[in-house]
Amino acid sequence: MKGYAMIKLGEAGWVNKIMPKCGPRDCICRPLALAPCTSDVHVVWENAIGELPGRILGHEALGIVDEVGSEVKLFKPGDRVIVGAITPNWDNEAAQRGFSSQTGGIMGAYEFTAKKDGTFAEYFHVNQADNNMAMLPDGMDPVAGVMITDMMTTGFMGAENAGIQLGADVAVIGIGPVGLCAIGGAKMRGASRIFAVGSRPTPVKVAKMYGATDIIDYHNGDTAQQIIDATDGAGVDAVVVAGGGPDILMDAIKMAKAGSKISNCNFFSGADTLPLPRLDWGSGMANKDIITGLCPGGRVRLERLAKLITYGRFDPMPMATHVFHGLDHIEEALLMMKKKAGDVIKPVVIC
Ligand code: NDP
Ligand code: ZN
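Residues numbered from 1 in each chain as written. Chains lettered and ligands numbered in written order. Predicted model: local features only at pLDDT ≥ 70, side-chain atom pairs only at ≥ 80, totals over all residues. Heavy atoms only, no water.

Caption draft 1: Inspection of the pairing of strand β9 (residues 194-197) at higher detail. Residues Ile-194 and Ala-196 point to one face of β9 and Phe-195 and Val-197 to the other, with burial holding for every one of them. As paired strands, strand β8 (residues 170-173) and β9 are joined by 4 bridges and run parallel to one another. Across the sheet, residue Val-170 finds its bridge partner in β9, namely Ile-194. In this view, the connection linking β8 to its parallel neighbour β9 by way of helix α6 (residues 177-188) has right-handed handedness. Two strands pair when backbone bridges link them, and β9 and strand β10 (residues 214-216) are joined in this way by 3 bridges, in the parallel orientation. Across the sheet, Ala-196 pairs through a bridge with Ile-215, a residue of β10. In this fold, β9 hands off to helix α7 (residues 201-210), which returns the chain to β10; that crossover is right-handed. (Buried < 20%, exposed > 50% of the residue type's maximum accessible area, 1.4 Å probe, protein only. Helix = DSSP H or I, 4+ residues; strand = E, 2+ residues; numbered from the N terminus. Pairing = 2+ DSSP bridges. Right-handed = clockwise from strand over helix to strand, strands pointing away.)

Set out below in structure tokens:
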């Protein structure tokens, strides 16, 4: 089968591979919709998980079930499914402790690309299918459905982990698709004022649509100071980090009130250590908690996110700025995600 892979660090291209094998609890899918992720860009061009020559990229997919293992109860060939970008081993002790994305080691449930071939292929393998896939609701546009697999679950996790209370002031750093979903999540959780940090006009427009009340352009000087000034020196009750470089936690901690939560979604690449501002962090005693997380997966989570779309609570369609038809376009879509110029928020490929 054909797939789009890392050839070496800094280079991606098409490869031919043997078909994945289906275990008793697994399934094999053909792609129905695919989306490239900023994390795929970190993997190929920023050495985020090492060099994996020939490893097929991609983790965001809707599938059409092609084959199911003998113990799979909920799915059959032909079903149209939402596949979690993160596919935990639900038997693992970390899942039983409530941290299913960390099964089998740190970020261990990041199986696509990190541990096995990803979804940018004619066929892909899903482990523990009954737990890691959900039915795509009848009538749901696949362009919307594919946003559930990573962008919605990760961005909403950002808002959930920030512990947003009714009326809270919230800052969301970054208005790519993850930050935009965090804004939607912050609004649903009852934030009053939502500062959105970004600059490009199309994401700014969608940020306002999703609930941002104030736009902060990081090109206009110190981001944290702009937010502190706008709140008359107070800062914000919660920060979601979904953009910016290795120094961004400096800004996040500075703009946060004592007793707040800083919820990180960023996948930091580059240096092995990240700076923290000692004084703004109260020398480690300001009750400014940094909470991290990896894209939550699981069938129940995917079903609930799909219901947010079905019942009109959240519309991911404005994030799909570019829609292609045919697997061959995945290369163009990934390069678009790398460049992220102009009005690009998220390209989607319908296969
Ligand atoms: P994008 O690259 O699409 O968006 C990044 C945003 O950050 C843009 O709005 C950009 O602004 C803004 N930005 C850039 N530089 C700065 C800066 N110095 N200060 C403040 N804002 C800045 O990213 P995604 O939304 O796709 O992903 C966000 C992060 O989440 C990535 O690191 C990604 O790898 C990670 N991720 C993590 C997951 C998890 O499970 N935790 C899952 C999926 C993704 P503009 O372009 O408007 O100028
Ligand atoms: Zn992703």
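We are not done yet, so read on.
Caption draft 2: Quick peek at the packing of aromatic side chains. The final tally for this structure, using the stated rule, is 4 aromatic pairs. With 6.0 Å between their ring centres and 85 degrees between their planes, Phe-112 and Phe-124 make a pair best called edge-to-face. One end of the pair, Phe-112, is in the loop between α2 (93-96) and β6 (124-126); the other, Phe-124, is in strand β6, with 12 residues separating them in the sequence. Here the aromatic rings of Phe-156 and Phe-314 are separated by 5.1 Å at their centres, their planes lie at 85 degrees, and the arrangement is edge-to-face. (Phe/Tyr/Trp six-rings, centres within 6.5 Å; stacked < 30°, edge-to-face > 60°.)

Caption draft 3: Structural context of the pattern of salt bridges. Counted by the stated rule, this structure contains 14 salt bridges. With a closest N to O distance of 2.6 Å, Lys-2 and Asp-328 form a salt bridge. Of this pair, Lys-2 sits in strand β1 (residues 2-8) while Asp-328 sits in the loop between β14 (320-325) and α11 (330-339); the two residues are 326 residues apart in sequence, bridging distant segments of the chain. Exposure remark for Lys-2: the relative accessible area of 27% places this residue in the partly exposed category. The salt bridge partner of Glu-160 is Arg-301, with a shortest N-O separation of 3.0 Å. Here the residue Glu-160 occupies a position in helix α5 (residues 148-161), and Arg-301 occupies one in helix α10 (residues 299-310), the gap between them amounting to 141 residues. (Salt bridge = Lys/Arg side-chain N within 4 Å of Asp/Glu carboxyl O.)

Caption draft 4: Highlighting the nonpolar core. Membership of the largest hydrophobic core comes to 53 residues, with the highest contact counts inside it found for Ile-148, Met-152, Ile-164, Val-170, Leu-180, Ile-183 and Met-319. If near-sequence neighbours (up to four positions away) are discounted, Val-170 is found in contact with Ile-164, Ala-186, Ala-191, Arg-193, Ile-194, Phe-195, Val-236 and Ala-238. Grouped together as the second largest cluster of nonpolar side chains are 43 residues, Val-43, Ile-56, Phe-120 and Met-133 included. (Core = buried A, V, L, I, M, F, W, Y, C linked by side-chain atoms within 4.5 Å. Contact = heavy atoms within 4.5 Å.)

Caption draft 5: Looking closely at the coordination of the zinc ion (ligand 2). For the zinc ion (ligand 2), every protein donor is listed as Cys-37 (SG), His-59 (NE2), Glu-60 (OE) and Asp-150 (OD), and the spread of their distances is 1.8 to 2.4 Å. With 4 donor atoms in place around the zinc ion (ligand 2) and angles of 90 to 130 degrees between them, the coordination shape is tetrahedral. Sequence positions of the donors to the zinc ion (ligand 2) reduce to the motif C-x21-H-E-x89-D. Within this pair, whereas Glu-60 is found in strand β4 (residues 60-68), its partner Asp-150 is found in helix α5, the two being separated by 90 residues in sequence. On the basis of relative accessible area, Glu-60 is assigned to the buried category, the value being 0%. (Donors = N, O, S within 2.8 Å, 3.2 Å for Na, K, Ca; no water. Tetrahedral: all angles 85-135°; square planar, octahedral: opposite > 155°, others 65-115°.)

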